[in-house]
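# Summary of the model geometry
Spelled out, the chains give:
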Amino acid sequence: MGGIIICHGGVGAKGRALDDMNSVASLSRDDDPLKTAVNAVVNMENDPRYNAGTGSVIRIDGSIQMDAAVAVPGEFGAVISIERVKNPVLVAQDVMQKTPHIALSGPGAVEFARRLGYGEYDPVTEKARVAYRKMIEAIKDSTNMDERYQAIKKLISDGIVEEPHDTVGAVAYINGKFAAAVSTGGASPMMPGRVGDVPLIGAGIYCGLKGAVVATGHGEEIAKKLLCYRIYERITEEPLNRILMEEIENMGEKLAGVIAISRKEYGFFSNGSMAVDTHEF
Ligand code: GLY
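The structure reproduced in this document is the subject of the present report. None of the values given here were measured: they were computed from a predicted structure. (Residues numbered from 1 in each chain as written. Predicted model: local features only at pLDDT ≥ 70, side-chain atom pairs only at ≥ 80, totals over all residues. Heavy atoms only, no water.)

### Remarks on the overall build of the protein
We apply this condition: Runs of E in the DSSP output that reach at least two residues are strands. Runs of H or I that reach at least four are helices, and both are numbered from the N terminus. Using C-alpha atoms as the atom set, the radius of gyration is obtained and then compared with a globule rule of 2.2 Å times the number of residues to the power 0.38. Whether two residues touch is decided by their heavy atoms; if any such pair falls within 4.5 Å, the residues are in contact. The Shrake-Rupley method, run with a 1.4 Å probe, gives the accessible areas here. Residue values count only the displayed protein chains as cover. His is not counted, nor are the chain ends; Lys and Arg add positive charge and Asp and Glu add negative charge. Charged groups are reduced to one reference atom each: NZ for lysine, CZ for arginine, CG for aspartic acid, CD for glutamic acid.
A count of helices and strands for the protein gives 10 helices and 11 strands. Taking 2.2 N^0.38 as the reference for a compact globule, 281 residues should give roughly 19 Å; the C-alpha atoms of the protein span a radius of gyration of 18 Å, in line with that estimate. The dimensions of the protein, computed from C-alpha atoms along their principal axes, are 55 × 45 × 30 Å. Taking contacts inside the protein between residues at least 6 apart in sequence as the whole, the part at least 24 apart equals 66%. For the protein, the exposed area adds up to about 12,000 Å²; of that, 51% sits on carbon and sulfur atoms. Across the protein, the mean location of the 30 positive side-chain charges is 2 Å away from that of the 37 negative side-chain charges.

As structure tokens, then:
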């Protein structure tokens, strides 16, 4: 096998975002697995259909705060609640390659990005604005947080506000080396400062000498279960597809999906619709 790339556009995707990933896997191909995984995530961050980079959801305070991470065996880099940059995953890669740290958050992450030349960028889309306005309208009479969440849940179940398509991610195995990358605008509704699974090593992303795994879905539950590390640890114990199925079943009612790659197999599994694109060469 020369190489394999798997990309996902988030569990819970609908319509075009589910049917047509624009051949993102083959278009992102490079000789280096990290470059490949990052290229794939950049392509999806730049596509407004996905809840990552441009197209990210707006938090209840009106801000857009994004999380992203990259990993190769023995290395990890993440940005947490970064604002006003076009491609959070590129900043995460720079955290891994150019700092002694594994993660930068909030204003520190933004300041780091600006120092490296990342320009000011507003990732808001008209679709995100409309969804935000509907959310605010729905919660304006609610007197406490529970009521707010119930009102927003009803908007989603009535189809008035589309549930965000969640995280985008990619794993690659090329020339015997693994890499993983992931990015998200987060969940909705969401408080400012809320952190999901994406920038937490072992939760929404893991990469080691046995393989690479990324997750999408309910960030809190994915993090509590340390989903990607659990899957990684089981690689080679059983067929990969069985491991993915069992770990997703273990998520119960919470929406989740995973893509994974080992030296011998690759696979994906989810408990909701999930856009996936693969390219083998
Ligand atoms: N899975 C993305 C998030 O919950 O933030």
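### A closer look at the packing of helix 4 (residues 88-98) against helix 5 (residues 106-115)
Keep this limit in mind: To define axes, lines are fitted to C-alpha atoms, for helices over the stretch in contact only, and angles between the resulting N-to-C directions are given on a 0 to 180 degree scale. Orientation is classified from the angle alone, with under 35 degrees giving roughly parallel, over 145 giving roughly antiparallel, 65 to 115 giving roughly perpendicular, and any other angle giving oblique. In this classification, Asp, Glu, Lys and Arg are treated as charged, Ala, Val, Leu, Ile, Met, Phe, Trp, Tyr, Cys and Pro as nonpolar, and every other residue, Gly included, as polar.
At a closest axis distance of 10 Å, the pairing of helix 4 and helix 5 adopts a crossing angle of 85°. One way to sum up the angle between helix 4 and helix 5 is to call them roughly perpendicular. In this structure, helix 4 uses V91, D94 and V95 to contact helix 5, whose residues at the interface are A109, F112 and A113. The class makeup of the residues in the contact of helix 4 with helix 5 is five nonpolar, no polar and one charged.

### Examining the pattern of salt bridges
To be explicit about the condition: We define a salt bridge as a contact between a side-chain nitrogen of Lys or Arg and a carboxyl oxygen of Asp or Glu at a distance within 4 Å. Type-normalised accessible area, obtained with a 1.4 Å probe on protein chains alone, sets the label of each residue: buried when under 20%, exposed when over 50%, and partly exposed for intermediate values.
Taken as a whole, this structure holds 17 salt bridges when the rule is applied. Between D47 and R49 there is a salt bridge, and its shortest N-O distance comes to 2.8 Å. Given the relative accessible area of 14%, D47 is considered buried. One salt bridge in this structure joins K98 and D94, with 3.0 Å as the shortest N-O distance. In this pair, K98 and D94 are both assigned in helix 4, four residues apart and thus about one turn of the helix distant.

### Thoughts on the sheet that holds strand 10 (residues 266-270)
Quick reminder of the rule: In this analysis, strands are considered paired if DSSP registers two or more bridges between them.
The strand order across the open sheet built from four strands is 7-8-9-10, with neighbouring strands paired in antiparallel fashion. At either margin of the open sheet sits one strand with a lone partner, and together these are strand 7 (205-208) and strand 10. Across the sheet, the axes of successive neighbouring strands diverge by a mean angle of 5°, strand direction being ignored. Pairing of strand 7 with strand 8 (residues 211-217), which is carried by four bridges, proceeds in the antiparallel orientation. Directly across from C207, in strand 8, lies its bridge partner A212. Each of strand 7, strand 8 and strand 9 (256-262) is contacted by helix 9 (residues 227-234), which is oriented at about 145° to strand 8, the strand it contacts most.

### Focus on the site of the ligand
Going by this rule: Think of it this way: one heavy atom of a residue within 4 Å of a molecule or strand is enough to make that residue near it. As used in this structure description, the phrase polar contact means that two N or O atoms lie within 3.5 Å; if the pair is within protein, one of them must be able to donate a hydrogen and the other to accept it, and residues adjacent in sequence are counted only when both atoms belong to side chains.
Taken together, the neighbourhood of the ligand is formed by nine residues, with T167, R194, D197, G217 and G219 sitting nearest. T167 is positioned with one of its side-chain polar atoms (N or O) 3.0 Å from a nitrogen atom of the ligand. D197 is positioned with one of its side-chain polar atoms (N or O) 2.7 Å from a nitrogen atom of the ligand. Out of a free accessible area of 200 Å², the ligand has 100% covered by protein chains. The residue makeup of the shell around the ligand, split by class, is no nonpolar, six polar and three charged.

### Focus: the nonpolar core
Applied cut-off: Side-chain atoms within 4.5 Å are what join buried Ala, Val, Leu, Ile, Met, Phe, Trp, Tyr and Cys residues into a set we call a nonpolar core.
Among the nonpolar cores identified, the biggest contains 47 residues, and C7, V70, V79, I82, V89 and V91 are the most heavily contacted of them. With seven residues, the single largest contributor to this core is helix 3 (residues 33-45). Apart from the residues lying within four places of it in its own chain, the contact partners of V70 are L34, V38, E75, F76, G77, V89, A92, Q93, M96, A180, A181 and I205. Counting residues in each nonpolar core, the second largest holds 20 residues, with V11, V171, I205 and I261 among its members.

### Regarding the packing of aromatic side chains
This is how it is decided: Working definition: a ring pair exists when centres of Phe, Tyr or Trp rings (six-membered ring for Trp) sit within 6.5 Å. Plane angles under 30 degrees give stacked, over 60 give edge-to-face, the rest tilted.
Here the structure, examined in full by the defined rule, presents four aromatic pairs. Pairing Y206 with Y232 gives two aromatic rings, centres 4.8 Å apart and planes at 55°, and the pair type is tilted. With Y206 in strand 7 and Y232 in helix 9, this pair connects stretches of sequence that are 26 residues apart. When its relative accessible area of 8% is taken as the criterion, Y232 is described as buried. Their ring planes at 25° and their centres at 6.2 Å tell us that Y229 and Y232 sit as a pair that is stacked.

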